[in-house]
Amino acid sequence: MKLKVLVIQNNAIIGNKKATLNNIETLLERYQGQSFDIIVFPEVFAIGWYCKNFIAEAEDINNSETIRFLQNIAREFNALVIGGSFIQKLQNGTYKNTCPVIQKNGKLVTTYDKMHLFSHKGSEENKFVDRGKELKILDLGYTKIGLSICYDIRFPEIYRTYSRAGAEILINMAAWSVTKPEHWNIMHKARAIENQCFMIVADQTGKIKNNEFNLGHSMVIDPWGNVLEELQAEESCITCEIDTQEVKDLRANFPLLSDRRDNNFDMFKYEEIKIYE
């Protein structure tokens, strides 16, 4: 199945959601009249990666400016929208870093809450939001998609679980620091290769605050780990066609997943040999 994908890479303006959303609309003007199968946004694309603002910028999912914006995009481009993330305020007073998934008709069909919270180097995400507890696989009938957000990429068990469940496309939405480009490239390629999946990556770019910057370098990677399309640090979009038949063919000809030994996803038994000299 051939799918037309649009990946958005934007620079959120901290404290000015309206201007940020207007900038995204400007980015999308060149694609007016087109349709896409999947559109992917970056993590916290509307408010930026500034954890101290998360509570002030949080939204009720039933009355969310961010959700309404994404619904309009879904309807305009007749696309399944993987909506990056927004900070969701739940009825019990807690908060989540939440990815909304919007159908082509604008209906919110599910959400994925970020499972691993980046709380290092002063980010302290875990002081403001709670971690998610459940993975989400989107079954489109002709293919399956596994969702993740940013720091999740460092935990390969997530992606192995998705591939074992039949996912052929993995999506990671991020606001990734410019200080770790090697990790960014290596881990996303590895997740694609080891799971024989397409990997679609949407990242924020540009200045966050003070001397902090997002990396950019959104990309689409094939199941062999080849980068099909990649942005640099500019605000822009990727358009790319992927064919899920490539995944099926690769898995049939190179049965990596069926060769795995830990069929129950338990740890291997091991023997520890103590040697003292």
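As shown above, the structure is provided for reference.
Residues numbered from 1 in each chain as written. Predicted model: local features only at pLDDT ≥ 70, side-chain atom pairs only at ≥ 80, totals over all residues. Heavy atoms only, no water.

1. Observations regarding the side chain of E43
- As for its placement among the helices and strands, E43 is situated in the loop between strand 2 (38–40) and helix 2 (54–57).
- Ignoring anything within four residues of it in the chain, the contact list for E43 reads W49, G84, S85, N97, K114, E125, I149, C150, M173, A174, A175 and Q204. (Helix = DSSP H or I, 4+ residues; strand = E, 2+ residues; numbered from the N terminus. Contact = heavy atoms within 4.5 Å.)

2. Considerations on the packing of aromatic side chains
- One pass over the structure, following the stated rule, counts ten aromatic pairs.
- A ring pair is formed by F41 and F69, whose centres lie 6.4 Å apart and whose planes are at 75°; its orientation type is edge-to-face. Placement of F41 in the loop between strand 2 and helix 2 and of F69 in helix 3 (residues 65–77) is noted, with a sequence separation of 28 residues between them. An identical accessibility class is assigned to F41 and F69; each is buried.
- Consider the rings of W176 and W184, whose centres lie 5.3 Å apart with planes at 50°: the pair is tilted. By the burial criterion, W176 is buried, and W184 matches it.
- Grouping aromatic residues by their ring pairs yields a cluster made of Y31, F36 and F77.
- Note that K4 overlies the ring of F36, its terminal NZ or CZ placed 4.8 Å from the centroid.
- Residue placement shows K209 over the ring face of Y50; its charged tip is 5.0 Å from the ring centre. (Phe/Tyr/Trp six-rings, centres within 6.5 Å; stacked < 30°, edge-to-face > 60°. Buried < 20%, exposed > 50% of the residue type's maximum accessible area, 1.4 Å probe, protein only. Lys NZ or Arg CZ within 6 Å of the ring centre and 35° of its normal.)

3. Quick look at the pattern of salt bridges
- For the coordinates displayed, the defined rule picks out seven salt bridges.
- Where K127 meets E124, a salt bridge forms, and the shortest distance between an N and an O atom there is 3.1 Å.
- Judged by its relative accessible area of 28%, E124 falls in the partly exposed class.
- For E168, the salt bridge identified is with K248, shortest N-O distance 2.8 Å. One end of the pair, E168, is in the loop between helix 4 (157–164) and strand 9 (169–174); the other, K248, is in helix 6 (residues 245–253), with 80 residues separating them in the sequence.
- With a relative accessible area of 7%, E168 lands in the buried category.
- One network of salt bridges, in which partners are shared, links E43, K114 and E125. (Salt bridge = Lys/Arg side-chain N within 4 Å of Asp/Glu carboxyl O.)

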